[in-house]
Amino acid sequence: MYQVFLVDDEALIVEGLKKVVDWEKYGCTVCGTATDGKTGLEEIRRRKPDILFTDICMPEMDGLAMIAALKSEFPDLQIAILTGYHDFSYAQQAIRLGVTRLLTKPSRMDEIQEAIEAMIGNLRAAEQRPE
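Notes on the structure in this doc start here. This structure is a prediction, so every number in the text was calculated from the model and none was measured.

1. Description of the environment of Glu42
- Within the secondary structure, Glu42 sits in helix 2 (residues 37–47).
- Sequence-wise, Glu42 and Leu102 are 60 residues apart; in three dimensions their C-alpha atoms are separated by 23 Å.

Structural data, given as structure tokens:
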């Protein structure tokens, strides 16, 4: 099973993603959550998930700084950003960091499902690559 980690300063978003998405259907399980980037960074380093859903603007450390810190350690980590901000500079930075999907809040379920499917497809492709 793929491990999923959720980081958002809005507890409602975290709980909604945990409960609304049928993670088992995708061969996934939620291995942890955090409500700020600093805690998220520490927990992701400890739990080593395959997939990350995160917000950008959060206390302690923003999502983009957290992603930048993680990408060198976990190059195959699949990341989807859920954000309420529509600033193009955020999108540019997310692309430079290798984020798989950038979704705006509120996101539709089909957008979230498509992001999950894309990230799982990337993980499966990476598993097929010769070492």
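Structure shown, so let's carry the discussion forward.
2. Section: the side chain of Thr100
- Relative to the helices and strands, Thr100 resides in the loop between helix 4 (88–96) and strand 5 (101–104).
- In this structure the side chain of Thr100 is engaged in a polar contact, spanning 2.9 Å, whose partner is the side chain of Gln78.
- Once residues lying within four places of it in the same chain are set aside, the contact partners of Thr100 are Gln78, Ile79, Ala118, Met119 and Asn122.

3. Considerations on the pairing of strand 2 (residues 28–34)
- With 6 bridges connecting them, strand 1 (residues 2–7) and strand 2 associate as parallel partners. Note on strand 2: the bridge partner recorded for Val4 is Val30.
- Taken together, strand 1, helix 1 (residues 11–20) and strand 2 constitute a β-α-β crossover, and its handedness is right-handed.

4. Remarks on the pattern of salt bridges
- Overall, the coordinates contain 10 salt bridges when judged by the stated rule.
- Residues Lys105 and Glu10 are paired through a salt bridge, measuring 3.2 Å at the closest nitrogen-oxygen approach. Here the residue Lys105 occupies a position in the loop between strand 5 and helix 5 (109–128), and Glu10 occupies one in the loop between strand 1 and helix 1, the gap between them amounting to 95 residues.
- With a shortest N-O distance of 3.7 Å, Glu15 and Lys18 are connected by a salt bridge. You can see Glu15 and its partner Lys18 sitting in helix 1, 3 residues apart, about one turn around the helix.
- Take Lys18: its relative accessible area is 36%, and that puts it in the partly exposed class.
- Bridged by salt links that share partners, the residues Asp8, Glu10, Asp55 and Lys105 form one connected network.

5. Re the pairing of strand 1
- Within strand 1, 5 of the 6 residues are buried, leaving the element largely enclosed by the surrounding structure.
- As paired strands, strand 1 and strand 3 (residues 51–54) are joined by 4 bridges and run parallel to one another. Looking at strand 3, one finds that Val7 is bridged to Thr54.

6. Re the packing of helix 2 against helix 3 (residues 63–71)
- Relative to each other, helix 2 and helix 3 sit at 20 degrees, their axes nearing to 9 Å. Judged by the angle between their axes, helix 2 and helix 3 are roughly parallel. Seen from above, helix 2 lies across helix 3 with right-handed handedness. Each of Gly37, Gly40, Leu41, Ile44 and Arg45 in helix 2 lies in contact with helix 3, whose residues at this interface are Met66, Ala69 and Leu70.
- Taken together, the residues of the contact of helix 2 with helix 3 sort by class into 5 nonpolar, 2 polar and 1 charged.

What counts and what doesn't
Residues numbered from 1 in each chain as written. Predicted model: local features only at pLDDT ≥ 70, side-chain atom pairs only at ≥ 80, totals over all residues. Heavy atoms only, no water. Helix = DSSP H or I, 4+ residues; strand = E, 2+ residues; numbered from the N terminus. Polar contact = N/O pair within 3.5 Å; in protein donor to acceptor, adjacent residues only side chain to side chain. Contact = heavy atoms within 4.5 Å. Pairing = 2+ DSSP bridges. Right-handed = clockwise from strand over helix to strand, strands pointing away. Salt bridge = Lys/Arg side-chain N within 4 Å of Asp/Glu carboxyl O. Buried < 20%, exposed > 50% of the residue type's maximum accessible area, 1.4 Å probe, protein only. Axes fitted to C-alpha atoms, helices over the stretch in contact; angles between N-to-C directions. Parallel < 35°, antiparallel > 145°, perpendicular 65-115°, else oblique. Left-handed = near helix turned anticlockwise from the far one by under 90°. Nonpolar A, V, L, I, M, F, W, Y, C, P; charged D, E, K, R; others polar.

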